Amino acid sequence: MGDRVLSDMFAPSRVAVVGATESEGSIGRAIVENLRDDFDGETVPVNPNYDEVFGLQSYPDLASAPDVDLAVVVVPPGAVVDVVRDAGEAGVPNVVVITAGFGETGSEGAARERELQSVADEYDINLVGPNSLGVMSTPVGLNATFGPENALQGSMSFMSQSGAFITAVLDWANDQGIGFRDVVSLGNEAVLDETDFVRAWGDDPDTNVVLGYLEGIDDGQSFVDAAREVTDDTPIVLVKSGRTDAGAQAASSHTGSLAGSDRAYQAGLEQAGVLRVETVQELFDYAQILAGQPLPERDDLAIVTNAGGPGVMTTDAVGDSDLSMASFSEETLSELSETMPEEANIYNPIDTIGDAGVERFRTALDLALADDNVGAAVVLSAPTAVIDFRDLAEEVADLQEEHGKPVAAVLMGGERTERAAEVLGEVGIPNYFDPARAVRSLDALATYRDISERTYEAPTEFDVDREQAEAVLARAKERGDNRLGVEAMDLLSAYGISTPESDIVDKPEDAVSVAQDIEGEVVMKIVSPDILHKSDIGGVKVGVGNEDVYDAYEDLVTRARNYQPDATILGVQVQETVDLDAGTETIVGMNRDPQFGPLLLFGLGGIFVEIIEDTTFRVAPVSEREAREMTEEIDAAPLLRGARGREPADVDDVVESIQRLSQLVTDFPAILELDINPLVATPDGVQAIDVRLTVDTDKL
């Protein structure tokens, strides 16, 4: 879907309500009343049963009504498709379907939703819903919802897949004095989804922050592409519910069992530059500071307080964040020591002590913000008899503007903080009761600064042998089995991932002749798609000399037959020995996520992979930078870089192998899961020792 122009949806001059009525307690009535009360434009009721609704002329259908920019549909489910077709015929560009009873209700509803999609498609209608609370836009007083109240004006635009969540948030935000620009209840997303609104609000100069509550993302890849562009200029903060693995499918590979659907969201949203939060509180803490404060030039924080205990709490919170405590310059320290009482602490956090008045606070904050080592500040005050919070708020507002550095306030108390918080709010400085929230919000500002400065690199295109890869994958289809093991090592070679010399044989005599062509002792493994954990059943023999190869072959096959009589045994792999002690065993894998597509995994490999779980994830395709970040993020990264006197591994080769795997799984959507475990990283490069994968044979 291309970029849709949604500006008219949020700035209509005439809105039709199809199904408008005066009936007590009806949704049609609630929407007309909401529009009548606040909307700057004209409200047009459409209902063949009335001549007028609340004194407004009513029309029998959209064809006879004057031209409208937006139609809000509240008719019974069976009539919706016809009404949307009428809208298309009448040239209405934007439609919001409030009516429920579609995809969320079963097969009949789902069929109705498909019909709705095709009509919207035919007439190129921007359609929100069905099963939506509606849309709002405060600059024109548009409240085309059946919610109980309108939003306040602000610069944040907010979308939600839950209508109830919107009404709860608006109720709370109105109490807190928090305003919005556009609000949309996405409903079933038959046509427009979260990606469309991310694009639209990214193009809107008056939306400073995009907020969302999402339970799922339909097309993860296009969402990532859209968000990547938007977050260059406009921050996106999302609550993504469904964090636990309860919703994640069970999978047969290591990568699959470690991935889980939330890992894909986490990786995809991070790559898209989205700030993901877990609570509604954080959603608005982050949003307010992003909307109201400049981005910090450095991550060093100054704390100015009149209370020792909360000052220590704030310092602890800095320790839990990616920020650090600023070290003041000698000049700042000498000025602080001249202006603060002897008992005060002039080092960070500055404790102006309990008898500090507004003037002393001002001096300390002024000196801290003037210091070049300081990127941002937290002003923390407990209520005392000598301090007026409102006066303090005015001083903080002036100093923030003068120095142009972000400030968060922690004025601790109840009612006496309310007027002060309003003064701060007017200039975009948030006030928090809890110092940890202030620090986390400033941390989010610094994170967003890094996101906005990122440059997106295109993935490297390697020269590969696609035909050979296709031939290897075709074997699964020929065999009528969707799993492949070490017999698919050629797949890796085709994509330039190094593998040890090896061959698969189905006779002991052939095993002997292969072993004689390989230098030194060999490793022998049973080859069976049915036996996943070969080492558990003694299906692997290491350090086999030429004279023992024949017997080793017989022994491996016998063990496999005894362990699993019905297993398909393709033979035995005879492989060159790789010195595992000289390298680090890593795992590179992929699990195809239903929303985001191929999710890559990198981590510490070997037999303990699922016990240790030292892994990191990215959505493919990945750039060289993203592949390198994966090798740096795992706890075992120092092992690769030569910890404790070890010789460093060839990390560049690991990075390239991740990129080559990324290209392989992007080129072949039929690969559902793939594990290379271990991928041994040595000073001389990498070797893929073992591979297994699952393919969708229908897609080959």
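## Section: the pairing of strand β17 (residues 300-305)
The buried count for β17 comes to six of six residues, which makes it a mostly enclosed element. Of the two faces of β17, the one carrying Asp-300, Ala-302 and Val-304 and the one carrying Leu-301, Ile-303 and Thr-305 are both buried. When β17 meets strand β18 (residues 324-325), the two strands line up parallel, connected through two bridges. Directly across from Leu-301, in β18, lies its bridge partner Met-325. The handedness of the β17 to β18 crossover, carried by helix α10 (residues 308-320), is right-handed. Where β17 meets strand β20 (residues 376-381), five bridges bridge the pair, whose relative direction is parallel. Directly across from Ala-302, in β20, lies its bridge partner Ala-377. Examined bridge by bridge, β17 and strand β19 (residues 350-351) share two bridges and lie parallel to one another. Its bridge partner lying in β19, Val-304 is registered against Ile-350.

## Examining a nonpolar patch on the surface
Side chains of Ile-607, Phe-608, Ile-611 and Ile-612 sit close together on the surface and give an oily, nonpolar patch of about 470 Å² of accessible area. Mapped onto the elements, Ile-607 comes out in the loop between β28 (597-604) and α20 (609-612).

## Considerations on the confidence of the model for the protein
Looking at the protein as a whole, the pLDDT averages 94, with 97% of positions reaching at least 70. Counting interchain partners and residues more than four positions distant, the pLDDT-below-50 stretch residues 246-252 has 11 contacts.

## Details of the pairing of strand β1 (residues 14-18)
Consecutive side chains of a regular strand alternate in pointing toward one face of the sheet and then the other. The element β1 is extensively covered by neighbouring structure, given that four of its five residues are classed as buried. Bridge count for β1 against strand β2 (residues 42-46) is five bridges, and the pairing is parallel. For Val-15, the partnering residue across the bridge sits in β2 and is Thr-43. For the crossover that starts at β1, traverses helix α2 (residues 27-38) and ends in the parallel β2, the hand is right-handed. Looking at chain direction, β1 and strand β5 (residues 70-73) are connected through four bridges and run parallel.

## Points about the packing of aromatic side chains
Scanning the entire structure with this criterion turns up 11 aromatic pairs. Ring centres of Phe-165 and Tyr-213 lie 4.4 Å apart, and the angle between their planes is 25°; this geometry places the pair in the stacked category. Here Phe-165 is found in helix α5 (residues 163-176), whereas its partner Tyr-213 is found in strand β14 (residues 209-214), with 48 residues between them in sequence. Considered together, Phe-165 and Tyr-213 belong to a single accessibility category, that of buried residues. By the ring-pair criterion, three or more aromatic residues cluster together here, those being Phe-158, Phe-165, Trp-172, Phe-180, Tyr-213 and Phe-284. Seen from the ring of Phe-54, Arg-36 lies directly overhead, with NZ or CZ sitting 4.9 Å from the centre. Its guanidinium or amino end placed over the ring of Tyr-265, Lys-240 lies 4.0 Å from that ring's centre, counting from NZ or CZ.

The rules behind these values
Residues numbered from 1 in each chain as written. Predicted model: local features only at pLDDT ≥ 70, side-chain atom pairs only at ≥ 80, totals over all residues. Heavy atoms only, no water. Buried < 20%, exposed > 50% of the residue type's maximum accessible area, 1.4 Å probe, protein only. Helix = DSSP H or I, 4+ residues; strand = E, 2+ residues; numbered from the N terminus. Pairing = 2+ DSSP bridges. Right-handed = clockwise from strand over helix to strand, strands pointing away. Patch = residues over 30% accessible without salt bridge, like charges linked within 9 Å, V, L, I, M, F, W, Y side chains within 5 Å. Areas by Shrake-Rupley, 256 points an atom, 1.4 Å probe, with all protein chains shown as cover. Salt bridge = Lys/Arg side-chain N within 4 Å of Asp/Glu carboxyl O. pLDDT = per-residue confidence, 0-100. Contact = heavy atoms within 4.5 Å. Phe/Tyr/Trp six-rings, centres within 6.5 Å; stacked < 30°, edge-to-face > 60°. Lys NZ or Arg CZ within 6 Å of the ring centre and 35° of its normal.

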